[in-house]
Amino acid sequence: MEASLTARDRVGIQDFVLLDAYTSESAFLDNLRKRFQENLIYTYIGTLLVSLNPYKELDIYSKKQMDTYMGVNFFELPPHIYALADNVFRTMMSESNNHFILISGESGSGKTEASKKILHFYAVSCPSSKILNVRDRLLLSNPVLEAFGNAKTLKNDNSSRFGKYMDIQFDHQGGAAGGHILSYLLEKSRVVHQNRGERNFHIFYQMLESGDQELLRWLGLENNCQHYNYLVQGNCAKVRSIDDKSDWKTVRKALAVIDFSQSETEHLFGIIGSVLHLGNITFEADASGYAGLRNGRQLHWLSKLLGIPAQVLQQGLTHRKIETKTDEVFSPLSVEHAVYARDALAKAVYGRTFNWLVNKINESLANTDSSRKTVIGLLDIYGFEVFTLNSFEQFCINYCNEKLQQLFIQLTLKSEQDEYETEGIEWEPVPFFNNQIICDLVEEKHRGMISLLDEECLRPGEASDLTLLEKMEDKIGGHPHFVTHKLADQKTRKTLARGDFRLLHYAGEVTYGVGGFLDKNNDLLYRNGKEVMQQSKNAIIQHCFPLSEPDQKKRPETVATQFKSSLAGLTEILRSKEPWYVRCVKPNEAKEPGRFDDALVRHQVKYLGLMEHLRVRRAGFAYRRKYEIFLQRYKPLCPDTWPNWSGTAAQGVRVLVQHLRYKPDEYKMGRTKIFIRHPRTLFATEDAFQVCKHKLATTIQAKYRGYRVKGDYQKRKEAATKIENCWRGLAARKERQQREWAVGIIKRFIKGFMTRHQPGGAVNREYLAYVRHNYLTRLKENLPETLLRADSWLTPPPVMKEASMFLKQLFIRHMVRKYVRGISQERKAQLVLKAQTSSMFKGRKENYPLSVRSPFLHTRIDMNVKVLQMMEHENVKYGVPVVKYDRNGFRPRPRQLVFAREAAYLLDRAKIKQRIRYGSLKGVSVSNLSDNVLILHVTCDDIKQKGDLVLQCDFLFEALAKLNAIVDKRDFIRVVQGSVRFDIQHGREGFVDFRSGHESAVYRAKNGHLTVESTSAKSR
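(A) Main features of the overall build of the chain. Helix and strand content of the chain: 33 helices and 31 strands. By the compact-globule yardstick of 31 Å for 1020 residues, the chain is too spread out, its C-alpha radius of gyration being 52 Å. Dimensions of the chain, computed from the C-alpha atoms along their principal axes, are close to 155 × 120 × 55 Å. Burial analysis of the chain (1020 residues in total) assigns 50% to the buried set. Each charge class in the chain was averaged separately, 152 positive and 116 negative side chains, and the resulting centres sit 12 Å apart.

Here you go:
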């Protein structure tokens, strides 16, 4: 509260108790709005916390925030749910008693999130527990219960459709030791019916959206919610704010942490799948008008998942067992009754499975230590609900809120009265609305609405919802808080249908439709339906429908009576603990961040009883504090109490308030506390304290600064003198050391230089190391860029010659390896050909060196299409233009020489002049001079065969390399000197004479030989 005093003008009032116009609802709303618009969603009413749902993420729930609020006085920091949780915990530990936190508000106001924040705070901030996994199980029980018990409604995407009370048990050190959960009134009717815009329970959609195809195949389900009757009635399978797939993963992880075995998990999912299959079972009337199954596919999966024979299931869904004194008879059902029996069975299976799930979680949270434990309870229960169409569920929920409101007022008044009695302060009664009259209207024995509802359910004959309405009109028609269409005046009657009744609750009027009240209250499952379930092999179903279920012939208690009894038990539990309250408020219906709907918030403030609570807190005194705290804060305002007070705190406070001239009716002195009646008195005191604080601060600062300056000057003067002396000596010593060090370095360098050519020793070791380092550094910066510049290797000093040679070899090998790795396959093949050419002609033919620089190509000619068609079965390898010399007369003729896979071809444009198979090719002759003439020697066995070819080719080495690679014969190409004999045709021979001359020429000599003259390659 002290923090709220200083912050009151900036962000409204942090504690409504300090609100001057505390009886004004408008002032209350203005303060809420001002804080909400600054993202301050928490406000106190004394120790009660009011929380507005921001509908967005706020960065106020980090571990740092938890640490900030741990162990701090409740009113020292701004309002926060962590402050309330910490205060409850510290009070429990100091007083060793039990407490509970009641979280209330309407659907969508943030109750579930508030419960999670408190639970998370205890799990993270409390001391470590000796019992392993208790914290994890406490935290992860929430997503499991939300999956099976929460659903999307028109007002809330994650609405709790059951009430939950959780006890968290703490050991003597404050560590979480265990827990226990109680659930109330699960909305089972949602399993079989949802209003438009609403969904079934989350678990159904999570399972279908899980993406676990193996699980879905085992359950006989499809990944499409539209295929299941129990999931499509609300026409709202997809919700933008819900990630079913992610939530499914969380549920699976939580089940593992809570110690669900693999078998239990499979049986649980089998039950969920069986409910979906059960909803898809349809009936049709036979010739006699009795119900029969339309198809057996769903029955097959139902039988498999529940472990019940299909014939037993079919009879249980289409027949009703009637017992007489001597016999049992199975009576066939109509289609309408069969549908009722199916839906009743689905609700019973899901409802009992939910109860089993809660019990299973309780087993996991059970505390085995028998020593005494203190408890903090969390009550997260449905808020007051007013829909367009309100039915039996809203009737029960609103009855629950009436009971809690009654308890809230009683406990609040009691705690206030107890404090005043303890402190010896006179108590002033507070006027408030006592809703006991409404609670009696609902729950009074024999005359209340629940009793009338039960009587009508048990009455023999044709009882219906309308006969129930008539009975209520007859029995309680004169009650001021009950009205129907028949009992209403002319104006009110226009707002009520004939099947409606209206109750005037503490929170306002609610109109209920009586339709379905009897069926939902009975919630009857035909006897043979239970017997069918008792034959199940599913372990969970066996537990939910035990063979030993007591007195099956006795009619079970109705839902309303069970709920009434459980509420009575809850009330007893809460009365035995110290109460704390969190009131959750929904700022708007559209779930929009930053939007504050005055009318909606005003309505919630009214039915949550916030104004009544504020009036109770303000009825006596707005502010109360222990004497020690009050005196410590405000003692500067009185000269007698400042700076130190030697008497008791109570005496000091009395002196202080007399100095401040408090009027007698403005305050009271209790045994341990001072009570201040009006906020304005406290605000005036706080304002005076703020002014005084600044004056005191100024005076203290002035005195202290003078003292500090004088002392600092003297210390600095002494220090400066000492520092100067020390620094001069230090600088002189340091300079001498540096000079000695430099002299030693220079001496060693000179000696090392003088003995540099001698073997390494102590004298020249450092110098030689310097020489090596210097050489290697220079070598690193001057390495040759390519292999061709390897001769530019840096000249080494004598001591590095051997190492330099080794490094040079390594570098050359590295550069060669780098070059080889960098060439392509095509380039590699060309280099191989070049290498083969070199092995054949290097040093043997004069003009070979001139060909080295020219790269080899795949071909030197463009092939004629007609020739390619004639050579369709041949794979052309290479082609080159040549000059062919006739065998008779040696006339030159331009031709094309083509190497194919099997033979060489001599072409004249589009004609094949000669085909030479490689098998008939004996060899190739070339001279050792610089001419480009080659002679292809061909086998010539008869006169019809053509003889050897004499050709001149400008790309001689390239052509011969290609031919040699294709033929692949050893010593195939011969380099000759002088003359070469060749066969003109069978039996005729010719000669080619090779010689050097001044000019290159090819001609027929007088002796009939072909003479080839070539110039020397050097002269070129």
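(B) Representation of the sheet that holds strand β21 (residues 892-899) within the structure. Spatially, the eight strands line up as an open sheet ordered β23-β22-β21-β20-β26-β25-β24-β27, and their pairing is mixed. A strand with exactly one partner marks an edge of an open sheet, and here the two such strands are β23 (911-917) and β27 (973-976). Along the sheet, successive strands turn relative to each other by an average axial angle of 35°, direction set aside. Pairing of strand β22 (residues 903-908) with β23, which is carried by six bridges, proceeds in the antiparallel orientation. If you follow Y905 over to β23, its bridge partner there is R915. Running at roughly 155° to strand β24 (residues 921-927), helix α33 (residues 956-967) makes contact with β20 (878-885), β21, β24, β25 (933-938) and β27 of the sheet.

(C) Highlighting empty space enclosed by the protein. All chains considered together, the criterion is met by six cavities of 30 Å³ or more. What lines the largest cavity is L313, G316, L317, A341, A344, L345, L525, Y526, G529 and V532. Here the residues of the lining of the largest cavity are counted per class, giving eight nonpolar, two polar and no charged. In this structure, the second largest cavity spans a volume of roughly 70 Å³. Forming the walls of the second largest cavity are L102, S104, F384, N401, L404, Q405, Y506, R583, Y607 and L608. Classifying every residue of the lining of the second largest cavity by side-chain character gives six nonpolar, three polar and one charged.

(D) Geometry of the sheet that holds strand β31 (residues 1010-1014). In spatial order, the strands read β28-β29-β31-β30; together these four strands make up an open sheet with mixed pairing. Of all the strands in the sheet, just β28 (979-985) and β30 (1001-1004) have a single pairing partner and so form its edges. With strand direction ignored, the average angle separating the axes of adjacent strands in the sheet is 20°. Direction of pairing for β28 relative to strand β29 (residues 988-996): antiparallel, over a ladder of six bridges.

(E) The arrangement of the nonpolar core in detail. Ranked by size, the top nonpolar core spans 108 residues in total, and within it I101, Y122, F148, I203, F204, Y350 and M533 carry the most contacts. In terms of residues, this core owes the most to one element, helix α13 (residues 335-365), which gives 14 residues. With residues up to four places along the chain from it excluded, the contact list for F204 reads L231, I272, V275, L276 and Y350.

(F) Layout of a positive patch on the surface. Together, K866, K911, K913 and K946 make up a region of like positive charge exposed at the surface. With respect to the helices, strands and loops of the structure, K913 is situated in strand β23. You can call K913 partly exposed: its relative accessible area is 35%.

(G) Representation of the environment of R901. Along the chain, R901 falls in the loop between β21 and β22. Remark: the alpha-carbon pair of R901 and R917, spanning 16 residues in sequence, is separated by 9.5 Å. For R901, the contacting residues outside a window of four places in its chain are H873, E874, N875, K877, Y918 and I966.

(H) Focus on helix α26 (residues 649-659). Taken together, the buried positions of α26 are occupied by A649, G652, V653, L656 and V657. Seen end-on, α26 carries its buried residues on one side only, within an arc spanning 130°. For α26, the secondary structure elements touched by its buried residues are α25 (627-634), β18 (667-669) and β19 (673-676). One or two residues past the end of α26 sits R661, with phi positive at roughly 60°.

(I) View of the side chain of H485. Relative to the elements of secondary structure, H485 occurs in the loop between β13 (482-484) and α18 (490-493). H485 gets classed as buried once you look at its relative accessible area, which sits at 15%. Those residues in contact with H485 that lie beyond four places of it in its chain are R493, L496, A497, R498 and D500.

(J) Summary view of the packing of helix α30 (residues 825-841) against α33. Closest axis-to-axis distance for the α30/α33 pair is 10 Å, and the angle between their directions is 105°. On the basis of their axis angle, the class for α30 and α33 is roughly perpendicular. When α30 is examined against α33, the residues L833, T837, M840 and F841 are found in contact with a partner set consisting of F957, L960, A961, K962, N964 and A965. Looking at side-chain class alone, the contact of α30 with α33 contains seven nonpolar, two polar and one charged residues.

(K) Spatial organisation of a nonpolar patch on the surface. A surface patch of nonpolar side chains, about 640 Å² in accessible area, is lined by I746, F749, I750, F753, M754 and Y770. Ranked by residue count, the leading element in the nonpolar patch is helix α27 (residues 679-754), at five residues. Mapped onto the fold, F749 is located in helix α27. Judged by relative accessible area, F749 falls into the partly exposed class, the value being 39%.

(L) Representation of the pattern of salt bridges. A complete count under the given rule lists 40 salt bridges for this structure. Here E113 ties to K116 by a salt bridge, and the two come within 3.3 Å at their closest N and O atoms. With E113 and K116 both in helix α5 (residues 111-125), this residue pair falls three residues apart, about one helical turn. Between E509 and R502 there is a salt bridge; the shortest N-O distance is 3.9 Å. Judged by its relative accessible area of 52%, E509 is exposed. When salt bridges that share partners are traced, they join R161, E187, R190 and E198 into one network.

(M) Expanded view of the environment of S927. Along the chain, S927 falls in strand β24. When its relative accessible area of 0% is taken as the criterion, S927 is described as buried. Taking the C-alpha atoms as reference points, S927 and R974, 47 residues apart in sequence, are found 8.3 Å from one another. Setting aside anything within four residues of it in sequence, one finds S927 in contact with K845, V975, V976 and F994. A distance of 3.2 Å separates the side chain of S927 from the backbone nitrogen of L929, its partner in a polar contact. A polar contact is formed between the side chain of S927 and the side chain of D931, at a distance of 2.4 Å.

Cut-offs applied
Residues numbered from 1 in each chain as written. Predicted model: local features only at pLDDT ≥ 70, side-chain atom pairs only at ≥ 80, totals over all residues. Heavy atoms only, no water. Helix = DSSP H or I, 4+ residues; strand = E, 2+ residues; numbered from the N terminus. Rg over C-alpha atoms; globule rule 2.2 N^0.38 Å. Buried < 20%, exposed > 50% of the residue type's maximum accessible area, 1.4 Å probe, protein only. Lys, Arg positive; Asp, Glu negative; His and termini not counted. Charge placed at Lys NZ, Arg CZ, Asp CG, Glu CD. Pairing = 2+ DSSP bridges. Axes fitted to C-alpha atoms, helices over the stretch in contact; angles between N-to-C directions. Contact = heavy atoms within 4.5 Å. 1 Å grid on protein atoms, 1.4 Å probe; cavity = no way out; pocket = protein on both sides within 12 Å on 5 of 7 lines; lining within 4 Å. Points joined across faces, edges and corners; volume = space filled by probe spheres on them. Nonpolar A, V, L, I, M, F, W, Y, C, P; charged D, E, K, R; others polar. Core = buried A, V, L, I, M, F, W, Y, C linked by side-chain atoms within 4.5 Å. Patch = residues over 30% accessible without salt bridge, like charges linked within 9 Å, V, L, I, M, F, W, Y side chains within 5 Å. Areas by Shrake-Rupley, 256 points an atom, 1.4 Å probe, with all protein chains shown as cover. Salt bridge = Lys/Arg side-chain N within 4 Å of Asp/Glu carboxyl O. Arc of directions from axis to C-beta. Parallel < 35°, antiparallel > 145°, perpendicular 65-115°, else oblique. Polar contact = N/O pair within 3.5 Å; in protein donor to acceptor, adjacent residues only side chain to side chain.

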